[in-house]
Structure formats: C-alpha cells, structure tokens
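Below, each chain spelled out in residue letters.
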Amino acid sequence: MIRLVDVNKYFGDLHVLKNINLEVKEGEKLVVIGPSGSGKSTMIRCMNFLEEPTSGHVYIDGVELTHKNKTEMNRKNIAMVFQQFNLYPHMTVLENVTLAPIRLQGLKKEEAQQQAFRYLDIVGLREKAHVYPATLSGGQQQRVAIARALATHQKIILFDEPTSALDPETVQEVLDVMIRLSRENITMVVVTHEMGFARQVADRVIFMDQGTILEEGAPEHFFENPTHERTKAFLSKILR
Amino acid sequence: MKTSPFSLDKWLRFFTNWEAMAEGFTRTLVIALLSLTLALAVGVVLGILSSSNNKALRRAVRCYVELFQNIPLVIQIYFFYYVLPYAGVVMDQFAIGVLGVGLYTGAYISEVVRTGIQSIPTGQMEAAKSQGFTYVQAMRLIILPQAFRLILPPLTNQAVNLIKNTSVLAIIAGGDLMYQADSLAASKLFYGPAYVTTGLLYFILCFPLSTMARKLEQRMHRKAAAPVAVSKKAPAQALAAPQTQMGGI
C-alpha cells in the first residue's frame, strides 16, 4: 500500500532521513517510535509529500507519488491527523468535516452532513456539530480531526503524534477512537510514544534513530527483548 | 482695519460658494472609492503573490512595494502628470487620482495582506494540502478567510489614509475637496473658513472609519480571549447559543 524506496531527506546540511526502505501492507497498523529528532515525523510526512524526499521514491498503491500528482493522490488515498489538530478555526465542527467531501468529492451538502454526523457519532461528538473548534478541548478537537480524516474515505490515515499535544486526561479518549478505528480495514501509520496503544493495536512497530530504521518487529518483541542498546535505552525511558 | 480670517463676514461669503465645496467633496469621495477598489485588488493579488513559494514573483512584488512605499506620493503624482505624457500616456487628473492613489495604497495593502497570510499557522495549509486541496483552493477556502478577519482593522486604517492622501491631487488641480479649498482660499482670501470646513469634511469621512477599525480590533481581542474561558467553563452554554459564536475567531 505504501512503499518507500531509498528515501533520503536533507534540511540544508542536516541529513534527517538516511536511505529509508519500508513497506506498509494494506490494512496494516504500523506504529513508529523513536526519540525526537529521529526523523519519524519527517518520514510520515514524506508519505503524503508534505515533505518531498531529497532523493528516493514513494509509492502509494503502486503509483509513484510525485510533486505533480500529490494533490490528486492525497485527495484519493491519504488522510492525515496532526499533532496540533489543525482544524479550520473559522468553520464549525460540521463544516470542518464536510468541507473536503463537498468541495473535493462532489457530495451534496445534505449527503455530506448526514455522513459527517455518522463519523461524529463514531468519535462521540455529534452534539458538538455546530460549535467552533476553539470551544472544544484538545481531545475533542483531535477527535473531530479524526472524523474529518474519516469523512473522505481514504485507504490510508497517517497519524503524526496525535496525542502529544493533549492534556494527559484527554489522551485516552483519542486513543480509544483510534483503537476502534484499527478494527477497520484502514492502513494506519502512527507516530506515537503511547506504547500501550502500540501493544494493543500495532501489527508492527518500527524504532527510528538518527534518520534510520534501527529495529522493527511485533510490539511484543519491543516489550520483551529489543535487540539494540539504543532501543532498550529509549524504551526504558518511556515505559514506566 | 484688518479683518480676521475667521470673521463672520468671510464665513457668510464663503458659504455662498458651497457648490464648489460640494463638487470637490463628491469628487474626493468618488476618487477615494475607485482608488480604494483598485488598491484592494492590487493589494490582495500582490499580497498573495508575495507569500507564494516562487522566488522571482516574490522579488518582483518586493520591488513594486519598495518603490511605491519609499517615494512620496506627491512625486508619484507629478510623475503621472508631467513625465508620462512624454511617453505618450496622457491622463486627466481624475484618472491620475484613481491610479496614483490606488497603486500607492495598493503597495501598503499588499503588505497588510502578506502579513495577514503569514500569521496563519502553517498547519492550516498543511491540513488543506493533506486533504487534497490545491494551493489556490486552500488560499480561497481556508487561509484568506482567516487572514481577512485579522487584517480588517489595518485595512480600514489604510482606507482612512487613502482618503486623506487624495488631498495631494490639489497640486495638479485635481478638482478634489482640497483643491477647491485651495482655490477659494487663494482667489477670494477665504483661508480660514475654507480650510476649517475642509478639515471638518475630511474628518467626517475618516472618523467613522477609524472608529470602526478600533471597534473591530477590540472585538477581535475579545474573541481571541473568549474561547479559552468558554472551553474551560461552559461548553454546554456554547452549544446552547451557537449564534454568539458566529463570528468565529
């Protein structure tokens, strides 16, 4: 579903991604962990070309992602949930969720709204449909962002540290929604530090450090016997 | 005995010339409206271009802005009036007024628009792109509506400046309010009444606008502060009265 081939990314002189090769299967739930600055966010942002690789190739469903087709490809295949939610503050929750279906997929307003209410039900926020995002808590905003990502029916949803900006007490409500989501046949790539979530949901976990994929395996592997010293050191810090 | 420039007699005789003043006032108003339209068009387009990724475009806009902002408007008007005819471009004072003041203010407005766009968090454009919106769609649906709310107060201030700046047209006999005042002052020695009345008329045009700008700004600050209080205390109340939220932030 997603394939990265020899992907390198530089920011100026800084070599953030070093020859990344990775394949994510259809329906797979992949969790990406690693210290900050390890390149995990950059890598996930290469998957929808928010960052364009300096060299290498990204394939979505067999089609190479390019500067030219990225808008089209994102429209059809890939949705993203951001650390800072990035809801559109000048629109109500309902408008946030229906904007792309109406403008990009040609749905009628009523259809789009009906469908939006379904997704708002899934994330438990139907009653907030007519308020503006600024009146919601972080956890609620992120759930709206997930509803917005679902509303366009893409096969892939990328999650870039979806709970890192949340108050501790609202983290779980977002994770619960994601866990529910993981039962669907959606390909999920999740950058996160939530190891409990990884254990429950991930088909595979990869550990990144200094721009490379240092270790990968089933979540149990990471909890029971990680190979690299670096992985052990990292995990010992985030697993308490 | 020398009469005061403000003597009652002068006022009375000045007001018999009210038609000239009314004509100047109307002309100032029309020139202001047309040049404001031009300035907004120029400003919005250049403002968008100067926040694009294209370096050449950005540089071209920069040149325009610096050129128009750093040369006095009077000289620009002289240029249109005295120099352009040598290049075969002859315009009447009215056209020069609209074009000169419009292009000049357009440079300022483009800066206002640019800073407005740049003050929208990058995450907004990223969210739009990740959903598959093109750059133009993202601008139109997501970035500009947010930026516009932010820049409405400074835009209104630009409109006030524009109205006052139309007064430089007097130097090329623009037929505007200031010109009429000048000519009544010079030809009939109505200095006092002419300039006091003119100042008052400009004030009447500008004061409501600058008051509006101030009000808009205050409202914006209140809105920016409000959501935090609402989300912490009474989300239910926000739901009960969604119309109070209609302005967004």
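Preceding block: the structure.
Computed from a predicted structure; not experimentally measured.

Draft legend 1. Examining the overall build of chain A more closely. The helix and strand inventory of chain A stands at nine helices and ten strands. Relative to a compact globule of 240 residues, whose C-alpha radius of gyration would be 18 Å, chain A shows 18 Å and is just as compact. Over its C-alpha atoms, taken along the principal directions, chain A stretches across nearly 55 × 45 × 30 Å. Looking at chain A as a whole, 58% of its 240 residues qualify as buried. A fraction of 65% describes how many contacts in chain A between residues 6 or more apart in sequence connect residues 24 or more apart. By element, 46% of the accessible surface of chain A is carried by carbon and sulfur atoms, the whole surface being about 10100 Å². Taking the average place of the 28 positive charges on the side chains of chain A and the average place of its 30 negative ones, the gap between the two points comes to 4 Å.

Draft legend 2. Molecular detail of the packing of helix α2 (residues 18–49) of chain B against helix α5 (residues 93–118) of chain B. Residue and element names in this part refer to chain B. At a minimum axis distance of 6 Å, the contact between α2 and α5 shows a crossing angle of 40°. Considering their axes alone, α2 and α5 lie oblique with respect to each other. Every pair of crossing elements has a handedness; the one defined by α2 and α5 is right-handed. Of the residues that constitute the contact of α2 with α5, the class distribution is 18 nonpolar, nine polar and two charged.

Draft legend 3. How the structure looks around the sheet that holds strand β6 (residues 78–81) of chain A. All names here are of chain A. Taken together, six strands build an open sheet; the order of strands is β6-β7-β8-β3-β9-β10 and the sheet is mixed. Every interior strand has two partners, whereas the edge strands, β6 and β10 (212–217), have only one. Between one strand axis and the next, the sheet turns through 20° on average, direction left out of account. As judged from the four bridges shared by β6 and strand β7 (residues 156–160), these two strands associate in the parallel manner. The residue bridging Val-81 from the neighbouring strand is Phe-159, located in β7. The sheet contacts of helix α5 (residues 138–150) involve β6 and β7, and relative to β6 the element is tilted by about 180°.

Draft legend 4. Region of the structure containing the pairing of strand β3 (residues 29–33) of chain A. Residue and element names in this part refer to chain A. Of all five residues that make up β3, five are buried, and the element is covered over most of its length. Neither face of β3 is open: one carries Lys-29, Val-31 and Ile-33, the other Leu-30 and Val-32, and all of them are buried. As defined by bridge partners, β3 adjoins strand β8 (residues 187–191) across four bridges and the pair is classed as parallel. Residue pairing across strands places Lys-29 opposite Met-188, the latter belonging to β8. Here β3 runs beside strand β9 (residues 204–209); their pairing, made up of four bridges, is parallel. Within β9, the residue paired with Val-31 across the bridge is Val-205.

Draft legend 5. Molecular detail of helix α8 (residues 177–188) of chain B. Residue and element names in this part refer to chain B. In a regular helix each residue adds 1.5 Å, so twelve residues correspond to 16 Å; α8 covers 16 Å between its end C-alpha atoms and thus fits that length. Within α8, the full set of buried residues consists of Leu-177, Gln-180, Ala-181, Leu-184 and Ala-185. Along the long axis of α8, the arc covered by the buried residues comes to 130°, so they all point the same way. Across from the buried face of α8, at angles greater than 90 degrees, the exposed residues are Ala-186 and Ser-187. Just downstream of α8, Leu-189 is the residue with a positive phi angle, here 60°.

Thresholds applied
- Residues numbered from 1 in each chain as written.
- Chains lettered and ligands numbered in written order.
- Predicted model: local features only at pLDDT ≥ 70, side-chain atom pairs only at ≥ 80, totals over all residues.
- Heavy atoms only, no water.
- Helix = DSSP H or I, 4+ residues; strand = E, 2+ residues; numbered from the N terminus.
- Rg over C-alpha atoms; globule rule 2.2 N^0.38 Å.
- Buried < 20%, exposed > 50% of the residue type's maximum accessible area, 1.4 Å probe, protein only.
- Contact = heavy atoms within 4.5 Å.
- Areas by Shrake-Rupley, 256 points an atom, 1.4 Å probe, with all protein chains shown as cover.
- Lys, Arg positive; Asp, Glu negative; His and termini not counted.
- Charge placed at Lys NZ, Arg CZ, Asp CG, Glu CD.
- Axes fitted to C-alpha atoms, helices over the stretch in contact; angles between N-to-C directions.
- Parallel < 35°, antiparallel > 145°, perpendicular 65-115°, else oblique.
- Left-handed = near helix turned anticlockwise from the far one by under 90°.
- Nonpolar A, V, L, I, M, F, W, Y, C, P; charged D, E, K, R; others polar.
- Pairing = 2+ DSSP bridges.
- Expected span 1.5 Å × (residues − 1).
- Arc of directions from axis to C-beta.

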